[in-house]
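If you want the building blocks of each chain, they are given just below.
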Amino acid sequence: MSATQHLKNRRTSAIAKGVASRGIYAARAENAELWDVDGKRYIDFAAGIAVNNTGHRHPRVMAAVAQQSEAFTHTCFHVAPYESYLALAERLNAATPGDFAKKTMLITTGAEAVENAVKMARAYTGRSGVIAFSGAFHGRTLMGMALCGKVNPYKKAFGAMPPEVLHVPFPNEFHGVTVRDSLAVLENLLRSSIDPQRVAAMIIEPVQGEGGFNIAQPEFLRALRAICDEHGIVLIADEVQAGIARTGKLFAFEHAGVAADLVTMAKGLAGGFPLSAVTGRAEIADAAPVGGIGGTYAGNPLAVAAAHAVLDVIAEEDLCARATEVGDAIKARLISLAARQGMEAIGDVRGLGAMIAFELVTDRQTNNPDPDLTQAIVAEAEARGLIILPCGTRANTIRLLPPLTTPMPLVEEALDIIETSIEAAINAAAVAAE
Ligand SMILES: Cc1ncc(COP(=O)(O)O)c(C=O)c1O
């Protein structure tokens, strides 16, 4: 029995079924490559779901964590605070979009950042309503799942959702929803379903992650900014997946030229160590009562040290430019692949920076989704040594999240695998249909 099979068997009997996992059991990883317990090598275009933007085990990150571990690994910021937390807050206050006074809190996960941003917005406004978008993913905690714009699996079995959480269609022209359509629904919602004076916050991913790498058009984000300003609603940018240089800017909202009031970030922030943050307008961040926000592990010193190193690496290695370079190369190759005869299953190629996706359809007239082909391509790629992830509300999108430090020859190798995997999956589907 292979080492992988042995672990799969143990997993089945020991781990809760609802915790989804792929069948690749990691043994070690370096930059954009990962080796499993049987010694098989993979190119990692999942990057731990947009976490390893600086690659696995970036030497600067590892050195910073090692150095911090010589001093202390945990004190709890509420008990014995430390300078590195303050310095990181200062860096994030300066780095996030918006020319106004800002403050930061550090926590541990993306969902926690979302929860705390909503709590700040509620405390500041004295209101409780929250508006989110269809296809959104904001985490698996109680408020996080309520904000998700997808029922199955995120809120299917988990009882009543918190009240006054409302959803508006995310504009997606490929799926026939224009910016005008979305704004019309939003305006109608504020007329017919909830008094704008009851809405504390509006939360949006500038590029939807789990929802299918759908890009919010700059004019849409600007319109939301204006609506929030009109009604005193706190605009929250959920940059947990799109942030930290992934889209070619440190924060994806920068593409729109407007600033949110609060920004949530996590994933790429600490290069593989658990850390998240809420940064935003000082008066909103300050609204929660003392002791009302925080947590035992929030702003763990090892993760904070990693985050400082990540921000240094992004600046020194110009990873925003690298995200654009890598993303452009991938997008160009996918677009020319989609134009080839026999590749009609590729219905759409889209992306911002190195956050790229392609959507599989049964035919280009109807754009009907092809989730089976999507799964088959992911499996073919895995067999050939490339880790890629499906996403999308219709389960027919493949997302590519290369570490921003991936060397160009590895990018090319991964693209070759994607091409042969798509061909193999399409051929297999044709044979099965005969
Ligand atoms: C946009 C967004 N928000 C929030 C989350 C939740 O983050 P976490 O899984 O760290 O709780 C995710 C995770 O994928 C995400 O993509």
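Residues numbered from 1 in each chain as written. Predicted model: local features only at pLDDT ≥ 70, side-chain atom pairs only at ≥ 80, totals over all residues. Heavy atoms only, no water.

Participant: So what's going on with helix α10 (residues 301–316)? Which residues, and what values?
Facilitator: It helps to recall that an α-helix has 3.6 residues per turn; residues three or four apart then point in one direction. For α10, built from 16 residues, the straight-helix expectation of 22 Å at 1.5 Å per residue is met to within 8% by its first-to-last C-alpha distance of 23 Å. In terms of burial, α10 is a largely internal element, 13 of the 16 residues being buried. Two or three places before leucine 302, at the opening of α10, asparagine 300 has a side-chain oxygen 2.9 Å from that residue's backbone nitrogen. Of the residues flanking the end of α10, it is aspartate 318, one or two places downstream, whose phi is positive at about 45 degrees. (Helix = DSSP H or I, 4+ residues; strand = E, 2+ residues; numbered from the N terminus. Expected span 1.5 Å × (residues − 1). Buried < 20%, exposed > 50% of the residue type's maximum accessible area, 1.4 Å probe, protein only. Polar contact = N/O pair within 3.5 Å; in protein donor to acceptor, adjacent residues only side chain to side chain.)

Participant: Go over the nonpolar core, please, and point to the residues and values.
Facilitator: Grouped together as the largest cluster of nonpolar side chains are 58 residues, with contacts concentrated most on Leu147 and Leu275. At eleven residues, the largest contribution of residues to this core is made by α10. Both domains that meet at this core, namely domain 1 (3–57 + 318–433) and domain 2 (72–316), each give it at least three residues. Not counting chain neighbours up to four residues away, the residues in contact with leucine 147 comprise Val114, Val118, Val130, Ala132, Ala136, His138, Val165, His167 and Ile203. Counting residues in hydrophobic clusters, the runner-up holds 32 residues, among them Val326, Met343, Phe358 and Ile426. (Core = buried A, V, L, I, M, F, W, Y, C linked by side-chain atoms within 4.5 Å. Domains from an automatic or database assignment. Contact = heavy atoms within 4.5 Å.)

Participant: Describe the site of the ligand, with residues and values.
Facilitator: Every residue near the ligand is listed here: Thr109, Gly110, Ala111, Phe137, His138, Gly139, Glu205, Glu210, Asp238, Val240, Gln241 and Lys267. Residue glycine 110 places a main-chain N or O atom 2.8 Å away from an oxygen atom belonging to the ligand. In the environment of the ligand, a nitrogen atom lies 3.3 Å from a nitrogen or oxygen atom belonging to the backbone of phenylalanine 137. For the ligand, whose unbound accessible area comes to 390 Å², protein coverage reaches 85%. Here the shell around the ligand is composed, by residue class, of three nonpolar, five polar and four charged. (Near = heavy atom within 4 Å. Areas by Shrake-Rupley, 256 points an atom, 1.4 Å probe, with all protein chains shown as cover. Nonpolar A, V, L, I, M, F, W, Y, C, P; charged D, E, K, R; others polar.)

Participant: With reference to specific residues and values, describe the sheet that holds strand β9 (residues 262–265).
Facilitator: Strand order in this open sheet of seven strands is β4-β10-β9-β8-β7-β5-β6, and the pairing throughout is mixed. Taken across any chain shown, the strands that pair with only one partner, and hence form the sheet edges, are β4 (102–107) and β6 (165–168). Neighbour to neighbour, the strand axes of the sheet diverge by 20 degrees on average, direction disregarded. In this fold helix α5 (residues 110–125) packs onto β4, β5 (129–133), β7 (199–204), β8 (234–238), β9 and β10 (276–281), with an angle of close to 25 degrees to the strand it touches most, β10. Here helix α7 (residues 179–192) sits on the sheet in contact with β5, β6 and β7, set at roughly 150 degrees to β6. (Pairing = 2+ DSSP bridges. Axes fitted to C-alpha atoms, helices over the stretch in contact; angles between N-to-C directions.)

Participant: Give a detailed account of the sheet that holds strand β2 (residues 33–36), specifying residues and quantitative values.
Facilitator: As summarised here, the arrangement of the four strands in space is β1-β2-β3-β13, forming an open sheet in which the pairing is mixed. Here the strands that pair on one side only, and so sit at the sheet edges, are β1 (26–30) and β13 (386–387).

Participant: For the environment of isoleucine 377, give the residues involved together with the corresponding values.
Facilitator: Within the secondary structure layout, isoleucine 377 lies in helix α12 (residues 371–383). The class for isoleucine 377 is buried, based on a relative accessible area of 0%. Put simply, isoleucine 377 and leucine 360 are 17 residues apart on the chain and 9.8 Å apart in space, counted from C-alpha to C-alpha. Contact partners of isoleucine 377, with chain neighbours within four places excluded, come to Leu360, Ile388, Ile398, Ser421, Ile422 and Ala425.

Participant: How would you sum up the environment of valine 51? Please name residues and give values.
Facilitator: Position of valine 51 relative to the elements: it lies in the loop between α2 (47–50) and α3 (59–71). Beyond its immediate chain neighbours, meaning those up to four positions away, valine 51 contacts Lys267, Gly268, Gly271 and Gly272.

Participant: Give a detailed account of helix α4 (residues 83–95), specifying residues and quantitative values.
Facilitator: An ideal rise of 1.5 Å per residue puts 18 Å on 13 residues; α4 measures up with 18 Å between its terminal C-alpha atoms. When α4 is considered as a whole, its buried residues turn out to be Ser84, Tyr85, Ala87, Leu88, Ala89, Leu92 and Asn93.

Participant: Any chance you could break down the domain arrangement of the chain for me, citing the residues and the numbers?
Facilitator: Taken domain by domain, the chain consists of domain 1 (3–57 + 318–433) and domain 2 (72–316). Measuring from the centre of the C-alpha atoms in domain 1 to the corresponding centre in domain 2 gives 26 Å. Counting from both sides, the interface comprises 36 residues of domain 1 and, opposite them, 33 residues of domain 2. Linking domain 1 with domain 2 are one salt bridge, by the criterion used here. Ionic pairing is found between glutamate 210 and arginine 399, a salt bridge with its closest N-O pair at 2.9 Å. The tally of links from domain 1 across to domain 2 stands at 17 residue pairs in polar contact (both at pLDDT 80 or more). (Salt bridge = Lys/Arg side-chain N within 4 Å of Asp/Glu carboxyl O.)

Participant: Explain the pattern of salt bridges to me, using residue names and the numbers behind them.
Facilitator: Taken as a whole and judged by the stated rule, the model has 23 salt bridges. The partner of glutamate 33 in a salt bridge is arginine 41, with the nearest N and O atoms 2.9 Å apart. Aspartate 229 serves as the salt-bridge partner of arginine 225, at 2.8 Å between the closest nitrogen and oxygen. A residue pair is termed a helical-turn pair when its members lie 3 or 4 positions apart in one helix, as arginine 225 and aspartate 229 do in helix α8 (residues 218–231) at four residues. Take arginine 225: its relative accessible area is 9%, and that puts it in the buried class.

Participant: So what's going on with unusual backbone geometry? Which residues, and what values?
Facilitator: Of note, the bond from asparagine 152 into proline 153 is cis; its omega dihedral lies within 30 degrees of zero at 10 degrees. Mapped onto the elements of the fold, proline 153 is located in the loop between α6 (142–147) and β6. One non-glycine residue, isoleucine 244, lies in positive phi territory at about 60 degrees. Tracing the backbone shows isoleucine 244 in the loop between β8 and β9. One non-glycine residue, alanine 395, adopts positive backbone phi at about 55 degrees. Looking at the element boundaries, alanine 395 is found in the loop between β14 (389–391) and β15 (397–400).

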